[in-house]
Amino acid sequence: MPTIVFRTLLITFLSCWMVSAHAQLGINRKKTYTTGDAIDYAAPKQYEIGGVKVVGAAFADPNTLISMTDLRVGRKINIPGDEISNAIRLLWKQGLLGDVQIAVEKFEGEKVFLLMTIQERPRLSRFVFEGIRRGQADALTEKIKLIRGKIVTDVMLKNTESTIKKHFVDKGFKNTKVEIIQKKDTLLNNSTLLTISVDRGNRVKIEEIAVTGITQFKEGKVLRKMKKTKATAPWRIFTPSRFLAKEYEKDKERVIEFYNKNGYRDAAITYDTVYDVSDNRMSIKMTLHEGNRYYFRNITWEGNYLYPDSALQSVLGIKRGDPYNPTELQKRLNYNPSGLDVSAMYMDRGHLFFGVDPVEVRIENDSVDIEMRIFEGDQASINRVSLAGNTTTSDHVVMREIRTMPGQKFNRSLLVRSQRELMNLGYFDPEGLNALPKPNMSDGTVDIGYKVVERSNNQIELSGGWGGFLGFVGTLGLNLGNFSARKLLKFKEWQPLPQGDGQRMSLRLQANGRAFQTYSATFSEPWLGGKKPTFFSVNLQHSVQRSFNTQRTQATGSFQVTSASLSIGKRLTFPDDYFAVNYTLSYLRYNLDNFGNLGFRDITTGKFNNFVFNTTFSRNSIDNPIYPREGSNISLSVNLSPPYSMLGREVEGKPLEQQFQWIEYHKWMFDNWWYLKLVQNFVLMTRMHFGYIGTYTPRTEVTPFERFIVGGDGLSFGNMVLGQDIVGLRGYENNSIVPSINAQSKNEGGTIFNKMVIELRYPLTMSQATSIYVLAFAEGGNNWAAFKDFNPFDIKRSAGVGARIFMPAFGMLGVDWAYGFDALPGTTRASGSQFHFTIGQMIR
C-alpha cells in the first residue's frame, strides 16, 4: 500500500512539474505573464475572451495582430492552457516582433480580458557598404534587394550576408568575410541603419592540379577539358586561375564526358580533394579511373515500319568498330545540327511523338551491342499557330515568314526554318526567339507558339562639327527598318513612328563641308502586293565632290553623280528555297566640271551617262544576321550596259569626253561568305570576293568609271571617291592598292580584283540592347589593270584583330588593327600598322 501511494504522489508531482515547466518555457522564451486573480495551475479553468488590448504597436495594425493569434472575442480558452502559448508562437513566427507578452488584464466573471504588449522590430532606413568599390556596391544592391521600410529580421541579415559571400566566392574570393552592423537611426522612429562591411580578401588561385591515373592521353590534353579550373601559369591571360566550386564540378563532368566520347564508358573520378596551401593559394588532387575502351559492335533496330534498317543505319552513320560514343549517338538519333538525324526522318513526316531509346543489350570484352527501340507514333497535324511578343510588328508580317501552318502535318525542318526566317527579319532579338510545339496526344495534334522579343530596327544618325574652311562636317540620317507606309497618315498608330509592316525607309545626308556631300532616299517593300515575297525597291541619290585651289580658299572644280534605280526580286524554289534573284534598272549621270585628273584619265569636264541593268543571283542560309554561326551567303551579280559599240556607235579617234559619253561595260561580281561553328561560341568565317569589268568589243576601251579601288576600311564616304567601286583591305591605307601602271594616279582603279579573308570570331555579349564580338583575321587581295595581268597568288597580305559592337539605334560599329606585310605599288617598305574604323556591315 505505501508503495502504491508513493507512486501515485510521484506521478502527480511529475505531471505538475511538466505543466509548470511547459509554462515557464513559454514565459522565458516569449515573456508571457499573467496578472490579476490567482490562477490554479493544477486545475485549469475555461474562460471566454471578453477583449484583447494591444500595447506598443506603432506600425503594425492591432486587429491584424489579434487575428494572427486567433484570440478573438468570444472564443473560450483554458487558463492556464496552450492557447496563449500557441498565440505567442504564431506571432513570433511572423518575424515582425522583437518581443511579445500576453497577460491577463482582468477577470469579469467567466470572461477574461487580455493585454498584449509588443515591441516591434526596427525597420530599415538605409544601408551603406564599406570595403568595396562603388561599382561592386551597385551590383550587390541589385542582388540583396534590401528595401527601405522593410522590417529588419535575423533572416534578412543572414540572407544578405549569404548573398554577398556567394557573390564574391563565385568570383574566386573564397575567404570573403561579411559583417553587418546595426545602428539606430536617430532621424526616423523605430528605424535602423545597416553598415555592411565586406572584406574580400585575396582571390584564391589554384597552385596545382595533380591528376593520377591518366595513361591513355597526355595529361595536358585532359586538363584542357577543364575550361574554368586552371592552375596558375604566367601565360594564362584569357582564362585566369581561380577556384569556383560550381565550375569545378562542371569541369569534372567535362573530363568524364571527354573520356566517354572516346569510348571509355567506365571512366570515373574516384577521388578528389581541394585543400588550402596558403591564404590565397589552393591545390586540387584527383584520381581518375579510365577503364577499358569500348567499341560499337552490332546495332539492331526494333519497332521501325516506315523505314527499313538499312535506311536508318545509313543516316545514323555509325559503323561497327567505331569508338563507343554515347554523346555522338544521341546527336545522330535526335538532333544533328550539321546534318540529317534519325528523328528528323520521322518528324519531317509528321511523327511528332516519335521516340527512340538506344539500349545496351550486351557488353562483351570491349564491344557493345545496341538495340534501337523505336516508337514511331501517329502523325500529328498542326492545330493552331500563335504569336506572342510582337508588340510593334504586325501579325501578318510575322505569319508570312512562318512555314508551319494550321492543317499541315508537323515538320521539324520547317519549324527550324521558320525560326531562321524570323531571325533574319532583323526585327527581333535572335537570342530571345523561341518556337514551342505543344503536343496534344489525345487528338493527335500540336499547337505551335512562336515567342519573339521586339528589338528596335530604327537607326538615327546625328553627328557634326565645324571643319574650318570646309564648313559643316557630319551625318544626318534616319533609317526605319520596320516602316509602315499605310500608317503614314494614321498618326494615332505611330509607335512613335509609322512602323510594323516590314518596309524600309532611309533618308540620309552626309557632308564633309564643301568638299563632299551626298543625299539619298530609299524605300523598299519585301512583299509587293502582300501575297508573295516579291521584293521592290526604289532609290534616289545625289552626290557632289569638289576640288580646291592650293590655298584651299575656293572651289576650282566639281564632280556630281545623280542616280535613280528601281529593283524587283523574288525568292526561288530551285535549286532550293534559299535562292533569290533580283533585277535592278539604274541610271547614273556623271557631271565633271574642271575636276582635274583624279582617276578619270585626262577627263576633267563632261557629262556622262551610265544606263545599266543588274541581275543578281544569291543564296543566303545564315542563321543570324548580326552574329552568324552557321550557313553561307553566296552572291553572283552582273551589270550590263547597252552594247552601244555593237549597235553602230563609233567612238574610235574621238576625244575621251565623247568616247565615254555613253558608258559601255559589263561588270561581274562574286561574293561568298561561309560560317562554321567551332567549339563553344567560336565561329570561323571565310569569305572570298572577285570582280571583273570588261567591254563587249576589243576596240572599245574599258570605262574609267566603275573601276575597283582596293585598300583601307572600304567606306566610300570617308574616302570621298565617286564613280568607283570601293573594296576594303585592312592593313593598307584607303584607296592605296591600284594597278602599278597607274600608281601616279591613286584614284584610278583596276579592272579585276580578288580578295580572301579568314576570321575567327568570339561573342562577348549577345544581349538585346548590345551585341559585341571580337575577332582575329588574316586577309589578302590585289588589284590589276587588265585580265592578262591577273595572278590570284600575287596578293597583298595582312593580319590583325578587331571588335564589333551592334546597337539597334546605331547599327554595326567596328574597329580593327591590322599589319600589312607587303609594299604598296611604287614603294619598297611594308605597309605596316594601320587602324581602321567601320560603320555598318562590311560588304567587301
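Quick caveat, the model's predicted, so the values are computed rather than measured.

Procedures and definitions
- Residues numbered from 1 in each chain as written.
- Predicted model: local features only at pLDDT ≥ 70, side-chain atom pairs only at ≥ 80, totals over all residues.
- Heavy atoms only, no water.
- Helix = DSSP H or I, 4+ residues; strand = E, 2+ residues; numbered from the N terminus.
- Buried < 20%, exposed > 50% of the residue type's maximum accessible area, 1.4 Å probe, protein only.
- Contact = heavy atoms within 4.5 Å.
- Areas by Shrake-Rupley, 256 points an atom, 1.4 Å probe, with all protein chains shown as cover.
- Salt bridge = Lys/Arg side-chain N within 4 Å of Asp/Glu carboxyl O.
- Axes fitted to C-alpha atoms, helices over the stretch in contact; angles between N-to-C directions.
- Parallel < 35°, antiparallel > 145°, perpendicular 65-115°, else oblique.
- Left-handed = near helix turned anticlockwise from the far one by under 90°.
- Nonpolar A, V, L, I, M, F, W, Y, C, P; charged D, E, K, R; others polar.
- Pairing = 2+ DSSP bridges.
- Phe/Tyr/Trp six-rings, centres within 6.5 Å; stacked < 30°, edge-to-face > 60°.
- Lys NZ or Arg CZ within 6 Å of the ring centre and 35° of its normal.
- Expected span 1.5 Å × (residues − 1).
- Arc of directions from axis to C-beta.
- pLDDT = per-residue confidence, 0-100.
- Polar contact = N/O pair within 3.5 Å; in protein donor to acceptor, adjacent residues only side chain to side chain.

Observations regarding the overall build of the chain
- Counting its regular elements, the chain contains 14 helices and 34 strands.
- Buried residues in the chain amount to 44% of all 844 residues.
- Relative to all contacts within the chain whose residues are 6 or more apart in sequence, the contacts with residues 24 or more apart total 60%.
- A total accessible area of about 43,800 Å² is found for the chain, and carbon and sulfur atoms account for 55% of it.

A few points about the pattern of salt bridges
- Evaluation of the coordinates by the stated rule reveals 34 salt bridges.
- Between K106 and E108 there is a salt bridge, with its nearest N and O atoms 3.1 Å apart.

Observations regarding the packing of helix α4 (residues 134-144) against helix α5 (residues 154-169)
- One can describe the packing of α4 onto α5 by two numbers: an axis separation of 10 Å at closest approach and a directional angle of 130°. As judged from the angle between their axes, α4 and α5 are oblique. Seen from above, α4 lies across α5 with right-handed handedness. Seen from α4, the contacting residues are Q136, L140, K143 and I144; seen from α5, they are T160, T163, I164, H167 and F168.
- Of the residues assigned to the contact of α4 with α5, the class counts are 4 nonpolar, 4 polar and 1 charged.

What to know about the sheet that holds strand β8 (residues 205-212)
- Strands sit in the order β8-β10-β9 across an open sheet of 3 strands; the sheet is mixed. At either end of the open sheet lies a strand with only one pairing partner, and these are β8 and β9 (268-278). Averaged over all pairs of adjacent strands, the angle between strand axes in this sheet comes to 15°, irrespective of strand direction.
- Two elements, β8 and strand β10 (residues 281-289), share 7 bridges in a ladder whose sense is parallel. Looking at β10, one finds that T212 is bridged to T287.
- Sheet strands touched by helix α7 (residues 245-261): β9 and β10. Its angle to β9, the strand with the most contacts, is close to 145°.

Quick notes on the packing of helix α2 (residues 62-69) against helix α3 (residues 82-93)
- It is the contact of α2 with α3, at a shortest axis distance of 8 Å, that shows an interaxial angle of 120°. By the criterion of interaxial angle, the relationship of α2 to α3 is oblique. Crossing geometry of α2 relative to α3 is assigned as right-handed. On the side of α2, the interface is formed by L65, M68 and T69, while α3 contributes A87, L90 and L91.
- Taken together, the residues of the contact of α2 with α3 break down into 5 nonpolar, 1 polar and no charged.

Section: the packing of aromatic side chains
- Counted by the stated rule, this structure contains 27 aromatic pairs.
- Pairing Y644 with W662 gives two aromatic rings, centres 5.9 Å apart and planes at 55°, and the pair type is tilted. One end of the pair, Y644, is in the loop between β25 (631-640) and α13 (656-659); the other, W662, is in the loop between α13 and β26 (666-677), with 18 residues separating them in the sequence.
- Aromatic side chains Y692 and F787 sit 5.7 Å apart centroid to centroid with 75° between the ring planes, which places their arrangement in the edge-to-face category. Linking Y692 in strand β27 (residues 683-694) with F787 in the loop between β31 (771-784) and β32 (796-807), this pair joins segments that are 95 residues apart in sequence.
- One aromatic cluster in this structure is built from F690, Y692, W784, F787 and F790.
- When the ring centre of F777 is taken as reference, the NZ or CZ atom of R730 above it lies at 3.7 Å.

Looking at unusual backbone geometry
- A cis amide bond, omega 0°, links F574 with the succeeding residue P575.
- Following the sequence through the fold, P575 ends up in the loop between β22 (555-571) and β23 (579-593).
- At K145, a residue that is not glycine, the phi angle is positive and equals roughly 55°.
- Along the chain, K145 falls in the loop between α4 and α5.
- Residues other than glycine seldom take positive phi values, yet E706 does so here, at roughly 65°.
- Summarising the element assignment, E706 is placed in the loop between β27 and β28 (707-710).
- For E706, a relative accessible area of 12% gives the class buried.

Focus on the sheet that holds strand β5 (residues 123-130)
- With respect to topology, 3 strands assemble into an open sheet ordered β5-β7-β6, the strand pairing being mixed. Edge positions in the open sheet fall to β5 and β6 (177-184), since each of these has one partner strand only. Geometrically, the sheet is characterised by an average inter-axis angle of 20° between neighbouring strands, direction not taken into account.
- Sheet topology note: the β6/strand β7 (residues 191-199) ladder contains 8 bridges and is antiparallel.

Observations regarding the environment of L678
- Tracing the sequence through the fold places L678 in the loop between β26 and β27.
- Separated by 83 residues in sequence, L678 and R761 place their C-alpha atoms 9.9 Å apart.
- If near-sequence neighbours (up to four positions away) are discounted, L678 is found in contact with L684 and L760.

Brief notes about α5
- Across its 16 residues, α5 extends 22 Å between first and last C-alpha, which sits within 8% of the 22 Å expected from 1.5 Å per residue.
- Residues of α5 that are buried: M156, L157, T160, I164, H167 and F168. Taken around the axis of α5, the buried residues stretch over an arc of 100°, which confines them to a single face. Opposite the packed face of α5, turned more than 90 degrees from it, sit the exposed residues D154, V155 and K158.
- The secondary structure elements touched by the buried residues of α5 are β5, α4, β6 and β7.

Some words on the confidence of the model for the chain
- Of the residues in the chain, 88% reach a pLDDT of 70 or more, and the chain-wide mean stands at 82.
- Of the regions scoring below 50 in pLDDT, residues 742-746 engages in 9 contacts with residues more than four places distant in sequence or in other chains.

Re the side chain of R412
- Tracing the sequence through the fold places R412 in helix α12 (residues 412-425).
- In this structure the side chain of R412 is engaged in a polar contact, spanning 2.9 Å, whose partner is the side chain of S343.
- Among residues more than four places away in sequence, those in contact with R412 are N334, Y335, D341, S343, A344, M347 and D348.

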